[in-house]
8 protein chains.
Amino acid sequence: MDIDKVLDELRRGRMDARTARTLLSLDAIESVGGFAKVDVARRRRTGTPEVILAETKTLAETKAIAKKMLEKSGVAIVSRLGVRDRAKLAAFLRKQGATVSTARRTTTVLARSRRRGRIAGRVGIMAAGTSDIGIAEEARLMCESMDCECATAYDVGVAGLARVFPALEAMAKFGADALVVVAGMEGALPTVVASLTDVPVVGVPTSVGYGYARRGLAALASMLQSCAPGLVVVNIDNGIGGGAAAARIARRAR
Amino acid sequence: MDIDKVLDELRRGRMDARTARTLLSLDAIESVGGFAKVDVARRRRTGTPEVILAETKTLAETKAIAKKMLEKSGVAIVSRLGVRDRAKLAAFLRKQGATVSTARRTTTVLARSRRRGRIAGRVGIMAAGTSDIGIAEEARLMCESMDCECATAYDVGVAGLARVFPALEAMAKFGADALVVVAGMEGALPTVVASLTDVPVVGVPTSVGYGYARRGLAALASMLQSCAPGLVVVNIDNGIGGGAAAARIARRAR
Amino acid sequence: MDIDKVLDELRRGRMDARTARTLLSLDAIESVGGFAKVDVARRRRTGTPEVILAETKTLAETKAIAKKMLEKSGVAIVSRLGVRDRAKLAAFLRKQGATVSTARRTTTVLARSRRRGRIAGRVGIMAAGTSDIGIAEEARLMCESMDCECATAYDVGVAGLARVFPALEAMAKFGADALVVVAGMEGALPTVVASLTDVPVVGVPTSVGYGYARRGLAALASMLQSCAPGLVVVNIDNGIGGGAAAARIARRAR
Amino acid sequence: MDIDKVLDELRRGRMDARTARTLLSLDAIESVGGFAKVDVARRRRTGTPEVILAETKTLAETKAIAKKMLEKSGVAIVSRLGVRDRAKLAAFLRKQGATVSTARRTTTVLARSRRRGRIAGRVGIMAAGTSDIGIAEEARLMCESMDCECATAYDVGVAGLARVFPALEAMAKFGADALVVVAGMEGALPTVVASLTDVPVVGVPTSVGYGYARRGLAALASMLQSCAPGLVVVNIDNGIGGGAAAARIARRAR
Amino acid sequence: MDIDKVLDELRRGRMDARTARTLLSLDAIESVGGFAKVDVARRRRTGTPEVILAETKTLAETKAIAKKMLEKSGVAIVSRLGVRDRAKLAAFLRKQGATVSTARRTTTVLARSRRRGRIAGRVGIMAAGTSDIGIAEEARLMCESMDCECATAYDVGVAGLARVFPALEAMAKFGADALVVVAGMEGALPTVVASLTDVPVVGVPTSVGYGYARRGLAALASMLQSCAPGLVVVNIDNGIGGGAAAARIARRAR
Amino acid sequence: MDIDKVLDELRRGRMDARTARTLLSLDAIESVGGFAKVDVARRRRTGTPEVILAETKTLAETKAIAKKMLEKSGVAIVSRLGVRDRAKLAAFLRKQGATVSTARRTTTVLARSRRRGRIAGRVGIMAAGTSDIGIAEEARLMCESMDCECATAYDVGVAGLARVFPALEAMAKFGADALVVVAGMEGALPTVVASLTDVPVVGVPTSVGYGYARRGLAALASMLQSCAPGLVVVNIDNGIGGGAAAARIARRAR
Amino acid sequence: MDIDKVLDELRRGRMDARTARTLLSLDAIESVGGFAKVDVARRRRTGTPEVILAETKTLAETKAIAKKMLEKSGVAIVSRLGVRDRAKLAAFLRKQGATVSTARRTTTVLARSRRRGRIAGRVGIMAAGTSDIGIAEEARLMCESMDCECATAYDVGVAGLARVFPALEAMAKFGADALVVVAGMEGALPTVVASLTDVPVVGVPTSVGYGYARRGLAALASMLQSCAPGLVVVNIDNGIGGGAAAARIARRAR
Amino acid sequence: MDIDKVLDELRRGRMDARTARTLLSLDAIESVGGFAKVDVARRRRTGTPEVILAETKTLAETKAIAKKMLEKSGVAIVSRLGVRDRAKLAAFLRKQGATVSTARRTTTVLARSRRRGRIAGRVGIMAAGTSDIGIAEEARLMCESMDCECATAYDVGVAGLARVFPALEAMAKFGADALVVVAGMEGALPTVVASLTDVPVVGVPTSVGYGYARRGLAALASMLQSCAPGLVVVNIDNGIGGGAAAARIARRAR
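Residues numbered from 1 in each chain as written. Chains lettered and ligands numbered in written order. Predicted model: local features only at pLDDT ≥ 70, side-chain atom pairs only at ≥ 80, totals over all residues. Heavy atoms only, no water.

Topic: the packing of helix H4 (residues 59-73) of chain H against helix H5 (residues 85-95) of chain H
Residues and elements named next belong to chain H. Interhelical geometry of H4 versus H5 gives an angle of 35 degrees and a closest axis separation of 11 Å. Pair H4 / H5 crosses with right-handed handedness. Note on element contacts: H5 touches H4 through Asp85, Lys88, Leu89, Phe92 and Leu93, opposite Leu59, Thr62, Lys63, Ala66, Lys67 and Leu70. Across the contact of H4 with H5, the residue classes tally to six nonpolar, one polar and four charged. (Axes fitted to C-alpha atoms, helices over the stretch in contact; angles between N-to-C directions. Helix = DSSP H or I, 4+ residues; strand = E, 2+ residues; numbered from the N terminus. Left-handed = near helix turned anticlockwise from the far one by under 90°. Contact = heavy atoms within 4.5 Å. Nonpolar A, V, L, I, M, F, W, Y, C, P; charged D, E, K, R; others polar.)

Quick look at the relation of the copies chain A and chain H
Turning chain A through 180 degrees and shifting it by 0.0 Å along the axis lays it on chain H, with an RMSD of 0.1 Å. In symmetry terms, the pair is related by a two-fold rotation axis. Scanning chain A for the C-alpha nearest the rotation axis identifies A:Ala253, at a separation of 1.9 Å. Comparing contact sets, 100% of the residues at the interface of chain A also lie at the interface in chain H, consistent with an isologous, same-surface contact. (Least-squares fit on C-alpha atoms with pLDDT ≥ 70 in both.)

Notes on unusual backbone geometry
The residue A:Arg80 is not glycine, and still its phi comes out positive at about 55 degrees. Structurally, the position occupied by A:Arg80 is in the loop between strand E4 (75-79) and helix H5 (85-95). Overall, the relative accessible area of 22% leaves A:Arg80 in the partly exposed class. A positive phi angle is found at B:Asp147, which is not glycine, with a value near 65 degrees. Topologically, B:Asp147 is positioned in the loop between helix H6 (133-145) and strand E8 (148-154). (Buried < 20%, exposed > 50% of the residue type's maximum accessible area, 1.4 Å probe, protein only.)

Focus on the domain arrangement of chain A
Residue and element names in this part refer to chain A. We note that the domain assignment places domain 1 (27-112) and domain 2 (121-253) within chain A. Here the C-alpha centroids of domain 1 and domain 2 sit 25 Å apart. A buried area of about 1,400 Å², summed over both sides, lies between domain 1 and domain 2, and 58% of it is on carbon and sulfur atoms. Applying the counting rule to domain 1 against domain 2 returns zero salt bridges. Our enumeration of links across domain 1 and domain 2 arrives at two residue pairs in polar contact (both at pLDDT 80 or more). At the level of elements, helix H3 (42-46), E4 and strand E6 (109-112) are the ones that each hand at least two residues to the side of domain 1 that touches domain 2. Of the residues forming the side of domain 1 that touches domain 2, the biggest block, three residues, is contributed by E4. (Domains from an automatic or database assignment. Buried area = accessible area lost by both parts, 1.4 Å probe. Salt bridge = Lys/Arg side-chain N within 4 Å of Asp/Glu carboxyl O. Polar contact = N/O pair within 3.5 Å; in protein donor to acceptor, adjacent residues only side chain to side chain.)

Here we look at the interface of chain A and chain H
With 40 residues of chain A in contact, the opposing surface of chain H contributes 40 residues. For chain A, the biggest contributors to the area lost against chain H are A:Leu224, A:Arg248 and A:Arg252; these three give 22% of the whole. Inspection of the chain A/chain H interface yields two salt bridges. A:Asp177 is the partner of H:Arg252 in a salt bridge, and the nearest nitrogen-oxygen pair spans 3.5 Å. At the level of secondary structure, the elements contributing two or more residues to the side of chain A that touches chain H comprise H3, helix H7 (164-174), strand E10 (201-205), helix H9 (217-224), strand E11 (231-233) and helix H10 (239-253) of chain A. Among the elements that take part in the side of chain A that touches chain H, H10(A) stands out by supplying seven residues, more than any other. Looking at the side of chain A that touches chain H, its residues break down into 22 nonpolar, 10 polar and eight charged.

Re the arrangement of the chains
In this view chain C stays clear of chain F, with the nearest C-alpha atoms of the two still 18 Å from each other. The two units chain D and chain H never meet; even their closest C-alpha atoms stay 18 Å apart.

Some details on H9(A)
By the criterion of burial, H9(A) is predominantly enclosed, with seven of the eight residues buried. Every buried residue belonging to H9(A) is among A:Ala218, A:Ala219, A:Leu220, A:Ala221, A:Ser222, A:Met223 and A:Leu224, and all of these are buried.

Here we look at the packing of aromatic side chains
Taken as a whole and assessed by the stated rule, the structure comprises four aromatic pairs over all chains. On the basis of an interplanar angle of 70 degrees and a centroid distance of 4.9 Å, the ring pair of C:Tyr212 and G:Tyr212 is categorised as edge-to-face. Note that C:Tyr212 is positioned in the loop between strand E10 (201-205) and helix H9 (217-224) and G:Tyr212 in the loop between strand E10 (201-205) and helix H9 (217-224), a pairing that runs across two chains. Taking the ring centre of A:Phe174 as reference, the NZ or CZ of A:Arg122 above it sits at 5.5 Å. (Phe/Tyr/Trp six-rings, centres within 6.5 Å; stacked < 30°, edge-to-face > 60°. Lys NZ or Arg CZ within 6 Å of the ring centre and 35° of its normal.)

Let's talk about the sheet that holds strand E5 (residues 99-101) of chain H
All names here are of chain H. Taken in spatial order, the four strands make up an open sheet running E3-E4-E6-E5, and their pairing is mixed. For this open sheet the edge positions go to strand E3 (51-53) and E5, each flanked by a neighbour on one side alone. The average angle at which neighbouring strand axes cross in this sheet is 20 degrees, direction not considered. With three bridges joining them, E5 and strand E6 (residues 109-112) adopt antiparallel strand pairing. The partner of serine 101 across the bridge, within E6, is leucine 110. Together, E3, strand E4 (75-79) and E6 form the strand contacts of H4, whose direction differs from that of E4 by roughly 150 degrees. (Pairing = 2+ DSSP bridges.)

Comments concerning the relation of the copies chain E and chain F
Each copy superposes on the other: chain E lies on chain F with an RMSD of 0.1 Å after a rotation of 90 degrees and an axial shift of 0.1 Å. Look at the turn and shift together and you get a four-fold axis relating the two.

Considering the interface of chain E and chain F
Taken together, the contacts link 16 residues of chain E with 22 residues of chain F. It is E:Arg163, E:Tyr210 and E:Tyr212 that lose the most area in chain E upon contact with chain F, and together they represent 34% of the buried surface on that side. The interface formed by chain E and chain F contains two salt bridges. Among the ionic pairs, E:Arg105 bridges to F:Glu61, the shortest N-O distance being 2.6 Å. Linking chain E with chain F are 11 residue pairs in polar contact (both at pLDDT 80 or more). Partitioned by chemical class, the residues of the side of chain E that touches chain F number seven nonpolar, four polar and five charged.

Thoughts on the side chain of H:Asn238
When you line up the elements, H:Asn238 lands in the loop between strand E11 (231-233) and helix H10 (239-253). Leave out the neighbours within four places in its chain, and H:Asn238 touches B:Tyr210, H:Glu138 and H:Val204.

Concerning a positive patch on the surface
Taken together, the side chains of A:Arg215, C:Arg215, E:Arg215 and F:Arg215 define a basic patch exposed on the protein surface. Along the polypeptide, A:Arg215 turns up in the loop between E10 and H9. (Patch = residues over 30% accessible without salt bridge, like charges linked within 9 Å, V, L, I, M, F, W, Y side chains within 5 Å. Areas by Shrake-Rupley, 256 points an atom, 1.4 Å probe, with all protein chains shown as cover. Lys, Arg positive; Asp, Glu negative; His and termini not counted. Charge placed at Lys NZ, Arg CZ, Asp CG, Glu CD.)

Looking at the pattern of salt bridges
Scanning all chains against the criterion turns up 62 salt bridges over all chains. For the salt bridge of A:Glu144 with A:Arg140, the shortest nitrogen-to-oxygen distance reads 2.9 Å. Remark: A:Arg140 and A:Glu144 occur in helix H6 (residues 133-145); sequence separation between them is four residues, near one turn of the helix. In this pair, the class of A:Glu144 matches that of A:Arg140, namely buried. For C:Arg140, the salt bridge goes to C:Glu137, with nearest N and O atoms at 2.7 Å. Of this pair, C:Arg140 and C:Glu137 both sit in helix H6 (residues 133-145), three residues apart, which is roughly one turn of the helix.

As structure tokens, then:
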């Protein structure tokens, strides 16, 4: 990223144009099947692999892109798969030699070309209701794609405050460097958690709820207006983003 | 309200049309100065006096209506007064022989033609932040206009959970028949309170906060989506309505 | 809830840590099947049982949680069941020895381990249109889960004002301690009712209607902006919450 | 408006291009001071004079346009004047020989070059609260600019239903061909009125109210979702439009 | 509706309580099957029959209510039927001896116990696009239920202004006393029409369109903000309401 | 469009009424099957053919209108077809002798009665993600219906900035007179593009994304608030409109 | 922008790093007073000068930045100045030797270091109401900053359609390469204009209007949902952006 | 936080009730002047001091609370002060012996009872426009209150992409553990930054901008919908929260 240095080397003839392009990141993009341009260098550059959003792609397209990602970066993570395609994609990726992880209540699939080595960080993941578990698991898979270890505590909403304290204790024992706290409805759990700990907390609002400010808007509003400073937020149902953020933080902490 | 009986009495000649009109509540309305028709029977009918919204009236109009209310129903409560008019109105109402109550951070004024007799009920009033006190005090004055006694606990928001428990204990000792819980920002306090007690809880969102879902929409959403069933809500900044509702409940409980 | 006392007893050795945990409500939570943590003490603490939201659970999960609730608290109430699962769940719960109640136009199911004893309060339930009956019945079942007796008056909207007055008379004769008034579209019925009675009124907006402010937003807005002070509101289509609130009030009144 | 006929006459030489332009309404526009093009033929074409929106004009500009309107169409109606400019404009228009009408709580000014002759229709105007009177008066002035006679009934909101019935009786006696019903907050009055009469009803929501759906959105929603079919609506605070619509209806009825 | 007179007659023994109840409209309600209270007097009272919203009813319920309406008021109009139920309901109503009308692109069904006699008024109905025809036909059926005659002009949107002028001429020749103008997308047609005629215009926004302010919000906004004063509006897709309003106006004009 | 001249010619007898009507565009409309009035002159008048929105039409109706458009203007473009109808319509139009174009991920169909002659302009089309390709292709077909040549660059979103620069270079080499830039989610690509080029840029937000400001509202907001002046926008998912606008600009540039 | 060529030249020693940085636009930024980094190359790169938004700056800061812009790019355009600062800034810029342009009803100021030479394009600017003139003039000044010539037609809204046709004729005679059409309230004018011409049309919604969808949202919605394809839009009140877009188009057309 | 241990110690008589309360955080609250309950332990518990929101307090109240905070926790940070009160408060706090920091364009004041010792972490702060500097400085002061060192880069928005790269290089050299990226309008900068680095990025949308999605909603939407996973967000204009979050992260990283 030291532009002057690259340009200078180039000018002095110590470097050819191809190398300069690479160093300036101009060759990070791989074309797949004529319809996609995959940013295979993203994981190296930002720590986060490019997530393949399967929702608007055919299974064939998803397979092709996932295969390319796996080859080039060692990790492929696919979200918003059709329910029926999950097993098919997992089988396909296993055939490529990858270790594949899936989870209950979510259609996200994680494939790694080899088991991870050292743990890059520790992330704790909490969910307020049983309905929020799918999004929480999405976060967990994302963290694992970034080589972090995870501990989870689910169904610990504030309507039964007594459930929250033991969960927080467990997270402290685990040594979490970052917490992902997933909640729908009134979304109060991240506020309560962030006011009881000094670990960075990423709130993930979910679309659980109905009526006024439904589809997660109440939970989002509640987290953004939180009286607990230091709480940060990602988009509604964005378990992927919440996991990615927590993993970035945890990696930084190691 | 027994229409048949009224109509029957009337038909039998045991009652004149004037009395029937009255019993059918047709004469409950008093005209003031040609521009207002005051519902002086409302307090008798619903327990709640008609509140005089001063915001869009001149001080002279407000005085005339308040005077009429005081004469006809023994109570006048005026909200959303201009800051400068509060002292003037209070003085005017004292001259009418009324006992006048005001409170910090709110421009609501309560006048009663005589001190209250027996206590009609007990209401506890909690506020999450110091910025919410004005609305809480508005609720208190409304409860007092309906002959309820009040206990208050202010600045007990969830960012410092340790503040909440002693406040709840105090409310239990006071014997509150209903709780008014006032909160702005993420509005989590009423959810936490309603999940720890079996007393009816009226949430009052306030417009404290800024940014997304500002002007109280976050707090309102949070209370409507609350995972604590049994929590009810009134409009944003509607301390008057929250107080009226709690007093109705408390009066019923006695 | 008297923390000092608990701590003091504990210190003096008159109480063991287990008892203190219980008194401080730290043992109120039961784990179910590894995925849910059920707050079985909620009914004792708040008068309201934890409602099992079936929408995002499998039937097997719902059964497991309902069974646990029934065992531990004597009541299980399940809302937002799939239409096809209603009969299955009811049969399952009857097999557990419970008395099971269901109602037309709603998929809420109430099971009680024994018939209720004394009536804890009386709640009147009104619905503006025939389309609002499902939500009203949800409220009725919730009230019954809290041992209240209910009277109902349906299809009494303000477009035919003459329907409202006899319904109000009937509620007065029944001796309702609280009214639940359910309305969609313009949501004017709770305002009209609250201005004609001194009983506490809980408005429940429904998502009946279409076009501008559809999905119940018009009815919600109308109830929050009501010119009848003392009207309180729960979320759109939240018959459960409306019933729980009214039952809390009615229980307090006895 | 019979285009073929105009074109045919023109072709036969029985009409010159100037006349054709006029008949095709091409000369209806008068330029004022280089910055405005006034549609002086609008009153003849649609029954409704062009309303001069003073809000974004200097007083000098408003005067110039009003003078032109008065000369060309016999009527000038100016709305949203600055408070201080009302008396100045009225004096200026009186100097032009016009009869000028103003009203309490509104800054709309109506000037007519001579007193009206025959009554073109009868319009009844109702307002729910004292805060709604300004908008109601705006409607009244608009109706008068279209030669309709008006009867008014103010402060007759549904929180005191007993006020509504006598007002409806008075409107029936007056023989109103159309009703303008002005209401803020929950906006229930037009629904109640439209369900009790067969006269066309124009609802005018006002921005009175606060909190959720404030600025008149609750009242607008309530009127659009009304269960009383036949109720029509204009924009929030649009007394001018409500009056114009009612006057159109009333003129048609004569 | 002359309450004093009714009460006076009753008092003098010239009228029994039953008659007074009727005159005060207290007996206008017919119960159907224990679940509905039908306002059979509405057509007499307001000119508009109660519309049966089929959307949330079973076919059997709809039939029962429609039959009762037909018997008591001579007209039954049913909207928002399931597509498959239209033919079934029509056949059922024909068996009751009614004349039944339906229309393309709408599921509204109109049944009359006999063919209408004299024409109560004339209504012109315009639609901007072919997608708006269903709502326009709903308006036509409603007008016919109120004994008005209709003329229609469809697919005359402003993107081809040349289509508008001949349609307006045709409406003038027909002698329309009121115009219903139906438009989706940007909703400009009612503004253009209302600025070219002095006939009352009822705008009906439709949910045709997509993207920003979709579901008819753009069309509604456009009609409410219209620079053509005198334009009134009903809710999005509310052809029933638009027709009812226009028929009220047209009936008044005769 | 020189009205005076037309009228003058007509008056002098040098032109008949029929010709005048045509010149005044009064005969541009063709009726199809009694339900549609097709603006066949639109392409001549505005450069843009009337687009046939198939969404709310039967296939038979769509065919009839497309056939008429093809005959009268040489081009028929049909959007929002049902997926199953695309092949059927294409076959039908080919039978009419037309050249038919379709594209991946979009259901828009373009038919031309003969292959285009000279190129009327050049348009570059960029899409941020693979999910945006369908809308981009819709834009391409629209441009081609207006005789413009297109170059495309897809999957070049800002999360991999290195993809953007080569795409811009390619567009410059192609000689694009206008750029259509399609993006969903946060919609940043048009801002980045517009700040790096002096070619007119039309942003097309798409409904790709979820959570807060989903359905394209985030992308729309981002493009309207863009800090790159000169960026213009069309509605969400409106590839047709974006293509039409760019083609208008490109045609003007030639 | 030909990166390879720059890198190649550099590598061959024919170019120094400084030149490469410049060609790669790395030196386009000038620092002003430690708090601003001005993009002085923007006008060269995109045709559009960087606009100085004065709203949140002190007059001293604005002066410093404007002076720098004038020196480096020959043009300074400042928008959203405080009313009182307009004359002061104009005087200051004249002292710098610039030719300064201002306009009625807008606080935008344009300064050029010398009078423009050749005309780069022609832009027509239309405004619907007199209240929209300020935004239209803002667009005009922006076009002039980009060396375009402008013709204007103001107060030509659709409520008086007869005003629109002559304005369109005038624009055709002027030879406009692009039209900016400014409208508030229902925003119908751009739709009508775009359906009558083949010149590219940029719609600018203004915040004129009140009530529902006020602050320009109705006008924006109307333009985005327009049935006239080819209409493009910029943000509400963004005369600057509308002018910049039109000037880009017009420059391309030359 | 090890509840069992505390309870056990207490039971064994090794600890008195007072100590247990403290360990259970029950004594963390200090009462100020009867109106506020200050959470003086928050900084110890969460790393973040309680921020004093001055907006709704009198200067006297603010002083009293700030003084208490300073005494009890060594830091007082006050935001949303009135402009005139800033100097007064700073002087008052200096008199208490504190070191006071303020910044341009923001009214936040930071006071520390002694200069900080070791640096707890490094935070980089970037702002897109000069209008965003106030919020960025608020973040800086917050970070400093948590003993972090900050580097800043302001006015580096994406409309001049060339400004972004050197700023990123500077941040990398500084060794930032977290980045706060502040942006209004379309809010694209955090997306661009997060896609070019692996440091955790906290986006802070500001209310700079106007028109559609004004008051920061566009920027917020853009950041929540960002295609750059790992970007987290706080509320609009919440520089305090953004700074607190970044400082938590940076402290964790050390």
